[in-house]
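One letter stands for each residue in the lines below.
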Amino acid sequence: GDSVTQMEGPVTLSEEAFLTINCTYTATGYPSLFWYVQYPGEGLQLLLKATKADDKGSNKGFEATYRKETTSFHLEKGSVQVSDSAVYFCALSDRGSGTYKYIFGTGTRLKVLA
Amino acid sequence: SQTIHQWPATLVQPVGSPLSLECTVEGTSNPNLYWYRQAAGRGLQLLFYSVGIGQISSEVPQNLSASRPQDRQFILSSKKLLLSDSGFYLCAWSVGERGGYTFGSGTRLTVV
């Protein structure tokens, strides 16, 4: 079945460092891909998405490109801030049976130090 | 605009007690609704989803159940809680494959 694999955390960076969080997927069709962010004690918020190959999703300085050839959707940010400290989840949509179930990775915790 | 409400925010319940968590959506019709659980330090586990009133699909066998009595209402229940039911419960809705989920703010359940 479809699956999402994320790099294990935690990832600890200094403020203004470059961020990459790796995400790869397996899917039988052509899923849409998403990154969600979860701040402490809160629900998940959609950060960005890409719906077809070579699409680039971007939001709040974060970017991710849908790479069909490498089945990847890595999250990047050029300069992280302390406020970016959170858990990041990669996800894909599963169109099976029209239910649009989303399959999530296990999450990567990011800690940014001042 | 669409909003999703989930309550309560926190809950402490003794083992063997019943559970009822409620989720309601506003500003949309016929959404797909989902219940997820997030155990401490772990990823998201899909528990139930619903594509319409009275239609419930279970992803993981357990002592929890779900119901959808109205189009925009989704309820998670248990007759007798177990210690292993502790976790962070998230309700979500979607209206299509490409839009992504919108999550509620979650309920932190501690079974003691």
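Residues numbered from 1 in each chain as written. Chains lettered and ligands numbered in written order. Predicted model: local features only at pLDDT ≥ 70, side-chain atom pairs only at ≥ 80, totals over all residues. Heavy atoms only, no water.

Description of the state of the cysteines
Under the defined criterion, the tally for this structure stands at two disulfides over all chains. Across a sulfur-sulfur distance of 1.9 Å, Cys23 of chain A and Cys90 of chain A are joined as a disulfide pair. Between Cys23 of chain A and Cys90 of chain A the sulfur-sulfur dihedral comes to about -70 degrees; the bridge is accordingly left-handed. Highlighted residues: Cys23 of chain A in strand 4 (residues 23-26) and Cys90 of chain A in strand 10 (residues 86-94), separated in sequence by 67 residues. With a sulfur-sulfur separation of 2.0 Å, Cys23 of chain B is cross-linked through a disulfide to Cys91 of chain B. The disulfide joining Cys23 of chain B to Cys91 of chain B has a torsion of about -75 degrees about its S-S bond and is therefore left-handed. Residue Cys23 of chain B is located in strand 3 (residues 19-26), and its partner Cys91 of chain B is located in strand 9 (residues 87-94); the two are separated by 68 residues in the primary sequence. By relative accessible area, Cys23 of chain B is classed as buried at 1%. (Disulfide = S-S within 2.5 Å. Helix = DSSP H or I, 4+ residues; strand = E, 2+ residues; numbered from the N terminus. Buried < 20%, exposed > 50% of the residue type's maximum accessible area, 1.4 Å probe, protein only.)

Structural notes on the sheet that holds strand 7 (residues 64-70) of chain B
Residues and elements named next belong to chain B. Spatial ordering of the open sheet is given by 1-3-8-7, a layout of four strands whose pairing is antiparallel. Each edge of the open sheet is held by one strand with a lone partner, namely strand 1 (3-7) and strand 7. Going across the sheet, the axis of each strand differs from the next one's by a mean of 15 degrees, ignoring polarity. Where strand 7 lies against strand 8 (residues 73-78), five bridges are found, and the strand directions are antiparallel. Bridge assignment links Ser65 to a residue of strand 8, and that residue is Ser77. (Pairing = 2+ DSSP bridges. Axes fitted to C-alpha atoms, helices over the stretch in contact; angles between N-to-C directions.)

Things to note about the nonpolar core
Counting 26 residues, the largest nonpolar core has Leu19, Trp35, Leu47, Leu48, Phe73, Leu75 and Tyr88 of chain A as the members making the most contacts within it. When contributions to this core are tallied by element, the ones reaching two or more residues are strand 2 (11-14), strand 3 (19-21), strand 4, strand 5 (33-38), strand 6 (44-50), strand 8 (62-65), strand 10 and strand 12 (108-113) of chain A. The greatest single-element share of this core, amounting to four residues, is contributed by strand 10 of chain A. The contacts of Leu19 of chain A, once residues within four sequence positions are left out, are Val11, Leu13, Phe62, Leu75, Glu76, Lys77, Val80 and Leu110 of chain A. Cys23, Leu81, Tyr89 and Trp93 of chain B belong to the second-largest nonpolar core, a separate cluster that totals 20 residues. (Core = buried A, V, L, I, M, F, W, Y, C linked by side-chain atoms within 4.5 Å. Contact = heavy atoms within 4.5 Å.)

Section: the pattern of salt bridges
Scanning the entire structure with this criterion turns up five salt bridges over all chains. Asp84 of chain A is paired through a salt bridge with Lys77 of chain A; the nearest N and O atoms lie 2.8 Å apart. Residues Asp84 of chain A and Lys77 of chain A agree in their burial class; the two are buried. Put simply, Asp71 of chain B and Arg68 of chain B hold a salt bridge, and the shortest N to O gap is 3.2 Å. (Salt bridge = Lys/Arg side-chain N within 4 Å of Asp/Glu carboxyl O.)

Re the interface of chain B and chain A
On the chain A side, the residues contacting the 23 residues of chain B number 24 residues. Interface area for chain B against chain A, summed over the two sides, is near 1,800 Å², with a carbon-plus-sulfur share of 55%. At the boundary of chain B and chain A, one finds zero salt bridges. Here chain B and chain A share five residue pairs in polar contact (both at pLDDT 80 or more) between them. Contributing elements (two or more residues each) for the side of chain B that touches chain A: strand 4 (32-38), strand 5 (44-52) and strand 9 of chain B. Looking at the side of chain B that touches chain A residue by residue, the classes come out as 10 nonpolar, nine polar and four charged. (Buried area = accessible area lost by both parts, 1.4 Å probe. Polar contact = N/O pair within 3.5 Å; in protein donor to acceptor, adjacent residues only side chain to side chain. Nonpolar A, V, L, I, M, F, W, Y, C, P; charged D, E, K, R; others polar.)

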